[in-house]
Amino acid sequence: MDLPHVSTGDMLRASIQSGREIGLRAAAVMESGALVGDEIIIGIVGERLSLPDAAAGVVFDGFPRTIHQAHALDTLLAAHGDEIGAVLHLDLDDEGIVERLSGRRVCSKCGAIYHIRYHAPAAYGVCDLCGGALLQRDDDQPAIIRKRLAVYQAETAPLIAYYHERPTYRLVSGEGEADEVFSRIVKAVGAAG
Ligand code: AMP
């Protein structure tokens, strides 16, 4: 869609890697599967939205994750005369989520994402694109994934009620192959936009 991908998780991991203060404060929280504080997240999103490439819009991934963040996003956008074009609710049962996340591998060099079953690299543990080593995120261990699911229920699921009545809300099934889910998303965004 030619829009920058704004993943708060990616931004936090980049801060950890570069040793920035925000990263140091967030690292232990992320490893445990809990959520990083709203004010830190709202701060990094505000900074990201002020960069020139965000002027035409962005695709958020993993944000907002709390009602407080959703309010802050509405306020931030209103201040620029902008609004949310589409809210995508990707739905999958917990077992499916555990299977996908625990099989995820990430290239330590270029960040490309693989799955041990659904999108395996040609050579075991090696990135097809850059030859970097593939690693498993610490928080993709099944025990931590289950903690993240509990945190989702407690803190993020209330966003469904928050967005549900808006005309831009779209419920999209996350079941099936990646390309099927992708076409559902494209259709849902078209219908909302
Ligand atoms: P993700 O890459 O989206 O799976 O996020 C990984 C971890 O980063 C989460 O489990 C949280 O600890 C933290 N994180 C990412 N985005 C947010 C957010 N919007 N609010 C709070 N914590 C976040």
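Residues numbered from 1 in each chain as written. Predicted model: local features only at pLDDT ≥ 70, side-chain atom pairs only at ≥ 80, totals over all residues. Heavy atoms only, no water.

Chemist: For this particular structure, what's the right way to read the overall build of the protein chain?
Modeler: In terms of regular secondary structure, the protein chain is built from eight helices and seven strands. In summary, the protein chain has a C-alpha radius of gyration of 17 Å against a globular reference of 16 Å for 193 residues, a match within 12%. Each principal axis of the C-alpha distribution contributes one length, and for the protein chain these read about 50 × 40 × 35 Å. Among the 193 residues that make up the protein chain, the fraction classed as buried is 35%. (Helix = DSSP H or I, 4+ residues; strand = E, 2+ residues; numbered from the N terminus. Rg over C-alpha atoms; globule rule 2.2 N^0.38 Å. Buried < 20%, exposed > 50% of the residue type's maximum accessible area, 1.4 Å probe, protein only.)

Chemist: Sorry, what's going on with a negative patch on the surface here?
Modeler: The grouping of Asp91, Asp93, Asp94 and Glu175 at the surface amounts to a negative patch. Along the chain, the position of Asp93 falls in the loop between strand E3 (87-91) and helix H5 (94-102). You can call Asp93 partly exposed: its relative accessible area is 42%. (Patch = residues over 30% accessible without salt bridge, like charges linked within 9 Å, V, L, I, M, F, W, Y side chains within 5 Å. Areas by Shrake-Rupley, 256 points an atom, 1.4 Å probe, with all protein chains shown as cover. Salt bridge = Lys/Arg side-chain N within 4 Å of Asp/Glu carboxyl O. Lys, Arg positive; Asp, Glu negative; His and termini not counted. Charge placed at Lys NZ, Arg CZ, Asp CG, Glu CD.)

Chemist: Would you explain a nonpolar patch on the surface in this entry?
Modeler: The grouping of Met1, Leu3, Val59, Phe182 and Val186 at the surface amounts to a nonpolar patch, some 460 Å² of accessible area in total. Relative to the elements of secondary structure, Val59 occurs in strand E2 (residues 59-61). Val59 sits in the partly exposed class, given a relative accessible area of 36%.

Chemist: Can you help me understand the domain arrangement of the protein chain in this one?
Modeler: Accessible area lost during the coming together of the parts is what is often quoted as the interface size. Each assigned domain of the protein chain is listed with its residue range as follows: domain 1 (1-84) and domain 2 (92-173). A C-alpha centroid distance of 17 Å is found between domain 1 and domain 2. With 16 residues of domain 1 at the contact, the number on the domain 2 side is 15 residues. Between domain 1 and domain 2 we count one salt bridge in total. Of all the secondary structure elements, the ones that give two or more residues to the side of domain 1 that touches domain 2 are helix H2 (21-32) and helix H4 (67-79). (Domains from an automatic or database assignment. Contact = heavy atoms within 4.5 Å.)

Chemist: How do you make sense of the pattern of salt bridges when you look at a structure like this?
Modeler: Where charged atoms from two side chains of opposite charge approach closely, those side chains can pair. Taken as a whole and judged by the stated rule, the model has 11 salt bridges. Because the salt bridges share partners, they merge into one network encompassing Arg104, Arg137, Asp139, Asp140 and Arg148.

Chemist: I would appreciate a short explanation of the state of the cysteines in the present structure.
Modeler: When the sulfur atoms of two cysteines share a covalent bond, that bond is a disulfide. Scanning the entire structure with this criterion turns up zero disulfides. In this structure Cys110 is not part of a disulfide, and its nearest cysteine sulfur, from Cys130, lies 3.8 Å away. (Disulfide = S-S within 2.5 Å.)

Chemist: Honestly, the site of the ligand in this entry has me stumped. Any pointers?
Modeler: Near the ligand there are 16 residues, and of these Thr8, Arg13, Ala34, Gly62 and Gln69 occur at the shortest range. A distance of 2.7 Å separates a nitrogen atom of the ligand from a polar side-chain atom of Thr8. For the ligand, an oxygen atom lies 3.3 Å from a polar atom in the side chain of Arg148. Taking 480 Å² as the accessible area of the ligand by itself, protein coverage stands at 95%. In terms of residues, the shell around the ligand owes the most to one element, helix H1 (residues 8-17), which gives four residues. Per-class residue counts for the shell around the ligand are seven nonpolar, four polar and five charged. Viewed by domain, the shell around the ligand spans two of them, domain 1 (1-84) and domain 2 (92-173), each represented by three or more residues. (Near = heavy atom within 4 Å. Polar contact = N/O pair within 3.5 Å; in protein donor to acceptor, adjacent residues only side chain to side chain. Nonpolar A, V, L, I, M, F, W, Y, C, P; charged D, E, K, R; others polar.)

Chemist: Before we go on, may I ask you to explain unusual backbone geometry in this structure?
Modeler: In this model, Phe63 is joined to Pro64 through a cis peptide bond whose omega is -5°. Position of Pro64 among the secondary structure elements: in the loop between E2 and H4. Phi is positive for Asp2, which is not a glycine, with a value near 60°. Using a relative accessible area of 83% as the deciding quantity, one classes Asp2 as exposed.

Chemist: Would you mind showing me how to read the nonpolar core here?
Modeler: Soluble globular proteins: nonpolar side chains tend toward being buried together. Formed by 21 residues in total, the largest nonpolar core has its most connected members in Leu12, Val36, Ile41, Leu49, Leu73, Ile84 and Tyr163. Listed by contribution, the elements that provide at least two residues to this core are H2, helix H3 (38-49), H4 and helix H7 (158-164). Among the elements that take part in this core, H3 stands out by supplying five residues, more than any other. Shared between two domains, this core takes at least three residues from each, and those domains are domain 1 (1-84) and domain 2 (92-173). (Core = buried A, V, L, I, M, F, W, Y, C linked by side-chain atoms within 4.5 Å.)

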